[in-house]
Amino acid sequence: MNLHLARHYGLCFGVRDALRATHAAAAREPVTVLGQLVHNPVVDRHLAAAGVHPGRLDAPASTHRVVITAHGVSDAERGRLQAAGHALTDTTCPLVRKAHEALALLVAEGCHPVVIGQPGHAEVRGLIGDHAGACVIDSLADLAGLPAGVARFGVVSQTTQPLERVLALLEALKRARPAAEVRFMDTVCRPTKQRQAALEALASQCEAVVVVGGRNSNNTRQLAERARALGLRVFAVETAAELQPEAFAGLREVGVTAGTSTLDETVDAVVERLKTFA
């Protein structure tokens, strides 16, 4: 069995920076992370071992210092935390910040705010939190819920959505509301685009792919979905321990990729385990 590692995979700079900032804060004083810092259970265990307290945005934190996750929050939520007396360590990814800025600009120009992404996802909740009436589109069915009589829609995307999917929903919006102006600002992040493109390159030389990452990680899940669409057999795992040799019997060319919140050590462990199957 030959192994092929994607050209781009695993941790992005935003996640690395968030991890460094949280560990540094925890080394100085007790801290509470308000949600999952990133969507990966292995990272959760690392943070727990460092003494970081788990918390939620909708519940009081027991520590003075709180960590805003890489997915970001609304300005209103940030203000609420400060008003409650908390010191903030804000690990919001810079590319998520750009998405916030893009949506605010579109609203300032008179557009009705629309986010293409997963309803309920932490990043999406943060994006729409400062914009009353903002709409979230995750499927064609969601287009029916857009308000009537809107002359201008301003559209951004959750940063970890595949661009191909975003553009397809954007075109569907334009067809559904032909009389309205639709302004779009591309906020899909570069690391997401790189990992999707690298996966497509793997598909040209592999019959199966192992996708490593948290099961509630949107970009990891999108990698797995795209791999299936490309005709690959997909093994989606969070750790190397989930891989079993009998599942790879007869496979000759196997690729490995990982979501942007997957630690290097986790990918390394997956590759080493796969080598024992070869």
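Whatever comes next refers back to the structure up there.
Residues numbered from 1 in each chain as written. Predicted model: local features only at pLDDT ≥ 70, side-chain atom pairs only at ≥ 80, totals over all residues. Heavy atoms only, no water.

(A) Structural context of the sheet that holds strand S1 (residues 2-5). Pairing within the open sheet is parallel, and its 4 strands lie in the order S1-S12-S10-S11. Edge positions in the sheet fall to S1 and strand S11 (233-237), since each of these pairs with one other strand and no more. Adjacent strand axes in the sheet meet at a mean angle of 25°, parallel and antiparallel pairs treated alike. Looking at chain direction, strand S10 (residues 208-212) and S11 are connected through 5 bridges and run parallel. Across the sheet, the residue bridging to valine 210 is phenylalanine 235, located in S11. Helix H8 (residues 218-229) contacts S10, S11 and strand S12 (253-258) of the sheet and is inclined by roughly 170° relative to S10. (Pairing = 2+ DSSP bridges. Helix = DSSP H or I, 4+ residues; strand = E, 2+ residues; numbered from the N terminus. Axes fitted to C-alpha atoms, helices over the stretch in contact; angles between N-to-C directions. Contact = heavy atoms within 4.5 Å.)

(B) Fine view of the packing of aromatic side chains. Applying the stated criterion to the full structure yields 2 aromatic pairs. Arranged with centres 4.2 Å apart and planes meeting at 25°, the rings of phenylalanine 235 and phenylalanine 248 form a pair that is stacked. Residue phenylalanine 235 is found in strand S11, and its partner phenylalanine 248 is found in the loop between S11 and S12; the two are separated by 13 residues along the sequence. Taken individually, phenylalanine 235 and phenylalanine 248 each receive the classification buried, so the pair is uniform in this respect. In textbook terms, an aromatic cluster arises when at least three aromatic residues are bridged by ring pairs, as seen for Phe235, Phe248 and Phe277. (Phe/Tyr/Trp six-rings, centres within 6.5 Å; stacked < 30°, edge-to-face > 60°. Buried < 20%, exposed > 50% of the residue type's maximum accessible area, 1.4 Å probe, protein only.)

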